[in-house]
Amino acid sequence: MQTKTSVQSKNKYAVTCDHLHFSYNFKPILQDVNLAIPQGAVVGLIGANGCGKSTLLRCLVGLHIPQQGQVHLFDTPALEMNDSVRERLGFVAQSADLFPWLTVEKHIKMIGQAYPKWRERRALELALRLRLPMGREVSQLSGGDQQKLAVVLALAHQPDLIILDEPVSSLDPITRRDFMRSLFQDERPFFTESVDEKNDSNTDYAPTILISSHLLSDLERVVSHVAFMRDGRIQLFEEWDAVLEFVRILPKSQFNLPTALCIADNKEQMIVDIRSLKNNLAKNTSLVRHIEDIIAAPCINGLDDIFIALNS
Ligand SMILES: Nc1ncnc2c1ncn2[C@@H]1O[C@H](COP(=O)(O)OP(=O)(O)OP(=O)(O)O)[C@@H](O)[C@H]1O
């Protein structure tokens, strides 16, 4: 399983975003988005409908041009991506971008011609494992099968950065579980497992993965990091283990801390990180009285807890 332990180095980023702003027809969608995703991280991008997740992902891969700010993929500006960076990227948009008249098998064979590192055999294996009907044209595939094919195509050139925009939204629960296991929970990512390629020199392949999904229980099993968006801003970007250990959701009726000390708040609750509260103890005497109770407050149970607190 690829976990936070496979995050290679905090100093090496697969993706950085600096003060990104994006508007549709003067309507601001992304507002001062900053992100630095370490290489090897598996990041869950989470947020309510319409908060800007797809827009952000499209800015990251250079499909949208931000009005302000910069995106870098492996230190190259996204808008100046050359073929060598493009080959390191696998992107699956929310609606699959496929040729309706081509079969599954033809897609796998044809798309490969554009990539020097294309693993056709592995792509065929994954397609079979996901029970894709190889001889059927895309126009006759279900929405879920189209999603699966788009992911197979995005992974087959062994990209170093995989960006998936709601890749499992049309899959039934059993297929979804198999699919997530194929991608994340094997000993190594699926594409390095092929028996006939056991001697492949690239056995440490651990791509950086950014995946947006509303299926939070699926995400929390596989992510090393979480990025929560609200109203076009990144509200929280953190290692998932650190969130589980240090984040508390507190009732305002019991604790009423200054908003500046919170990650976010709603009418009834505050989301806090006890590490930053501890750093502020010297400046805020009322905190001193509360800090032990705050530390003793229950940890969060899952991504649902934060999602609900951020969006209620
Ligand atoms: N082409 C467009 N023109 C104008 N507005 C758009 C366009 N595409 C998206 N928007 C608006 O931008 C906002 C963000 O949309 P986006 O698709 O990025 O949200 P999202 O977080 O991915 O939502 P969801 O979870 O529903 O997929 C929404 O208010 C949406 O209506």
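Only a predicted model underlies this, so the values are computations on that prediction, with no experimental measurement involved.

With reference to specific residues and values, describe the overall build of the protein.
Check the secondary structure of the protein and you find 11 helices and 13 strands. Against the 2.2 N^0.38 benchmark of 20 Å for 312 residues, the protein shows a C-alpha radius of gyration of 21 Å, consistent with a compact globule. Over its C-alpha atoms, taken along the principal directions, the protein stretches across nearly 65 × 40 × 35 Å. For the protein, the proportion of its 312 residues judged to be buried stands at 53%.

Break down the state of the cysteines for me, with residues and values.
Under the defined criterion, the tally for this structure stands at 0 disulfides. Unpaired in terms of disulfides, Cys59 finds its nearest cysteine sulfur in Cys17, a separation of 7.7 Å.

How would you explain the site of the ligand if you had to name every residue and give the values?
Around the ligand, a shell composed of 14 residues is seen, among which Gly50, Lys53, Ser54, Thr55 and His214 lie nearest. The contact in question runs from a nitrogen atom of the ligand to an N or O atom on the side chain of Tyr24, over 3.4 Å. Interatomic distance of 3.2 Å between a backbone N/O atom of Cys51 and an oxygen atom of the ligand. Notes on the ligand: free accessible area 640 Å², of which the protein chains cover 63%. Counting residues per element, the ones that place at least two in the shell around the ligand are strand 2 (27-39) and helix 1 (53-60). When residues in the shell around the ligand are grouped by element, the largest group, 3 residues, is from helix 1. Among the residues forming the shell around the ligand, the class breakdown is 4 nonpolar, 7 polar and 3 charged.

Tell me about a nonpolar patch on the surface, and please be specific about residues and values.
On the surface, Phe99, Trp101 and Met110 cluster together into a nonpolar patch covering about 330 Å² of accessible area. Position of Phe99 among the secondary structure elements: in the loop between strand 6 (89-92) and helix 3 (104-112).

So what's going on with the packing of aromatic side chains? Residues and values would help.
The final tally for this structure, using the stated rule, is 3 aromatic pairs. Ring centres of Phe22 and Tyr24 lie 4.9 Å apart, and the angle between their planes is 85 degrees; on these two criteria the pair is classed as edge-to-face. For Phe22, a relative accessible area of 6% corresponds to the buried category. Take Tyr24: its relative accessible area is 38%, and that puts it in the partly exposed class.

So what's going on with the domain arrangement of the protein? Which residues, and what values?
Looking at the assigned domains, one finds that the protein contains domain 1 (4-229) and domain 2 (244-311). Spacing between the C-alpha centres of domain 1 and domain 2 amounts to 33 Å. Across the contact, 8 residues belong to domain 1 and 7 residues belong to domain 2. Each partner contributes to the roughly 670 Å² buried at the junction of domain 1 and domain 2, and carbon and sulfur atoms together form 80% of this total. If you sort the residues of domain 1 by the area they bury against domain 2, Leu216, Glu220 and Phe228 come out on top, with a joint share of 65%. Counting across the interface, domain 1 meets domain 2 through 0 salt bridges. Going through the elements one at a time, strand 3 (42-47), helix 7 (216-220) and strand 9 (225-230) are the ones with two or more residues in the side of domain 1 that touches domain 2.

Could you give an account of the pairing of strand 11 (residues 247-251), naming the residues involved and the relevant values?
Buried residues dominate strand 11, accounting for 4 of its 5 residues. Two strands pair when backbone bridges link them, and strand 11 and strand 13 (residues 269-273) are joined in this way by 5 bridges, in the antiparallel orientation. Paired with Val247 across the two strands is Asp273, which belongs to strand 13.

Residues and numbers for the layout of surface pockets, please.
Considering only enclosed or pocket space, the largest pocket measures out at about 690 Å³ in volume. Forming the walls of the largest pocket are 26 residues, and the residues nearest its centre are Gly90, Phe91, Val92, Asp97 and Tyr115. Listed by contribution, the elements that provide at least two residues to the lining of the largest pocket are helix 2 (83-86), strand 6, helix 3 and helix 5 (143-155).

An account of helix 11 (residues 303-311) is needed here, citing residue identities and associated values.
Each α-helix winds once per 3.6 residues, and so residues spaced three or four apart point in a common direction. Of the positions making up helix 11, those classed as buried are Leu303, Ile306, Ala309 and Leu310. Down the axis, helix 11 shows its buried residues gathered within 135 degrees of arc, on one side only.

Cut-offs used in this document
- Residues numbered from 1 in each chain as written.
- Predicted model: local features only at pLDDT ≥ 70, side-chain atom pairs only at ≥ 80, totals over all residues.
- Heavy atoms only, no water.
- Helix = DSSP H or I, 4+ residues; strand = E, 2+ residues; numbered from the N terminus.
- Rg over C-alpha atoms; globule rule 2.2 N^0.38 Å.
- Buried < 20%, exposed > 50% of the residue type's maximum accessible area, 1.4 Å probe, protein only.
- Disulfide = S-S within 2.5 Å.
- Near = heavy atom within 4 Å.
- Polar contact = N/O pair within 3.5 Å; in protein donor to acceptor, adjacent residues only side chain to side chain.
- Areas by Shrake-Rupley, 256 points an atom, 1.4 Å probe, with all protein chains shown as cover.
- Nonpolar A, V, L, I, M, F, W, Y, C, P; charged D, E, K, R; others polar.
- Patch = residues over 30% accessible without salt bridge, like charges linked within 9 Å, V, L, I, M, F, W, Y side chains within 5 Å.
- Salt bridge = Lys/Arg side-chain N within 4 Å of Asp/Glu carboxyl O.
- Phe/Tyr/Trp six-rings, centres within 6.5 Å; stacked < 30°, edge-to-face > 60°.
- Domains from an automatic or database assignment.
- Contact = heavy atoms within 4.5 Å.
- Buried area = accessible area lost by both parts, 1.4 Å probe.
- Pairing = 2+ DSSP bridges.
- 1 Å grid on protein atoms, 1.4 Å probe; cavity = no way out; pocket = protein on both sides within 12 Å on 5 of 7 lines; lining within 4 Å.
- Points joined across faces, edges and corners; volume = space filled by probe spheres on them.
- Arc of directions from axis to C-beta.

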